[in-house]
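Okay, here's what each chain looks like letter by letter:
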Amino acid sequence: MPTFTAPDGTRLAYRVHGDGDPLLCVPGGPADSAYLGDLGGLSAHRRLIVLDLRGTGRSAVPADTSSYRCDRLVEDIEALRAHLGLARTDLLAHSAGANPATQYLARYPDRVRRLALITPGTRAVGLTISGEARREVARLRKDEPWYPAAFAALEAITEGTGSDWEAVGPFFHGRWDAAARRHQAASRPDNTEAVTLFAAEGAFDPQATRAALAGCGTAVLLLAGEFDVNSPPRSVAESAALFPGATFVVQRGAGHYPWLDDAERFVASTAAFLA
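The structure contained in this document is the topic of the report that follows. Please read all numbers here as calculations on a predicted model, not as lab measurements.

Calculation criteria
Residues numbered from 1 in each chain as written. Predicted model: local features only at pLDDT ≥ 70, side-chain atom pairs only at ≥ 80, totals over all residues. Heavy atoms only, no water. Helix = DSSP H or I, 4+ residues; strand = E, 2+ residues; numbered from the N terminus. Expected span 1.5 Å × (residues − 1). Buried < 20%, exposed > 50% of the residue type's maximum accessible area, 1.4 Å probe, protein only. Arc of directions from axis to C-beta. Contact = heavy atoms within 4.5 Å. Axes fitted to C-alpha atoms, helices over the stretch in contact; angles between N-to-C directions. Parallel < 35°, antiparallel > 145°, perpendicular 65-115°, else oblique. Nonpolar A, V, L, I, M, F, W, Y, C, P; charged D, E, K, R; others polar.

### Brief notes about helix α10 (residues 263-274)
With 12 residues, α10 ought to run about 16 Å at 1.5 Å a step, and its terminal C-alpha atoms sit 16 Å apart, in line with that. For α10, every residue scored as buried is listed here: Phe266, Val267, Thr270, Ala271, Phe273 and Leu274. For α10, the arc enclosing every buried residue in end-on projection is 160 degrees, short of the 170-degree limit, so these residues lie on one face. When the buried face of α10 is taken as reference, the exposed residues oriented beyond 90 degrees from it are Glu264 and Ala272. For α10, the secondary structure elements touched by its buried residues are β3 (22-26), β5 (89-94), β6 (112-118), β7 (219-225), β8 (247-251) and α9 (258-261).

Have a look at this one:
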């Protein structure tokens with residue numbers, strides 16, 4: 001895997017899929033970026049430059065672990081852009097990765113041509129997803145055989161009395177089949193310190209981020225999965241309202257990983273926006 005050096009000296013790695021114009025991709029988690037694959041075949045349209053966030057995948061563990069904080073990851077994205085020699089870049093981010101990507105746009109608006117936020121996290125803009133918003137989406141799956149146990153686990157997590165994330169796995173996928181089970185296991189973060197410190201005190205300044213976004217003319221896509229309890233469509237739509245002229249799309253039948261549930265539809269929507 002190719003590597004580059006972050007401003008603090010940490011050696012970071014990235015994966016490359018496909019050819020064509022580069023698209024910088026930021027994973028969620030923080031987790032090994034391998035779970036993104038080639039985003040359902042998006043690599044047929046763009047050269048995907050997929051960053052392994054510090055301390056994950058093949059990127060090094062930083063000497064200063066406070067650099068796992070979300071706002072500090074912004075400079076890793078900027079260092080990758082500079083390493084690739086790009087004056088401006090298209091950027092795609094998934095899940096929690098949408099938070100540093102959004103902060104990157106707020107900090108460096110002139111260096112982003114288009115930004116695609118896929119089933120995005122919303123902490124960077126100060127939006128809290130309510131338990132009822134998650135329940136509303138979860139109830140759409142009430143006829144699934146796994147629903148009773150998964151919903152009970154979701155209720156316990158929502159109420160703060162449980163933490164069985166394995167049991168709510170089906171709610172993250174449009175189809176809970178063998179492939180989804182394998183992907184769920186592969187996308188699990190394995191650096192607990194990176195996960196814990198990602199949202200450490202000072203990681204987010206929603207007021208400043210919102211103010212910066214309000215004056216930003218960059219084209220932004222926010223894509224939600226109809227069945228995604230992690231990033232419910234209603235919450236993603238609320239986030240989309242903070243980006244002037246944003247494009248908001250709900251992929252029907254999809255969960256938190258829409259390129260798995262319907263690759264053709266996902267690629268069509270995303271590639272058209274990035275064109």
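Having put the structure on the table, let's press on.
### Focus on the packing of helix α3 (residues 131-138) against helix α4 (residues 147-158)
Look at α3 against α4: their axes get within 10 Å of each other, and the N-to-C directions meet at 175 degrees. Judged by the inter-axis angle, α3 sits roughly antiparallel to α4. In this structure, α3 contributes Gly131, Arg134, Arg135 and Ala138 to the contact, and α4 contributes Tyr147, Phe151, Leu154, Glu155 and Thr158. For the contact of α3 with α4, the residue count by class is 4 nonpolar, 2 polar and 3 charged.

### Section: the side chain of glutamine 103
Among the secondary structure elements, glutamine 103 is positioned in helix α2 (residues 98-107). Apart from residues lying up to four places away in sequence, glutamine 103 is in contact with Cys70, Asp71, Val74, Ala124, Ala203, Phe204 and Thr209.

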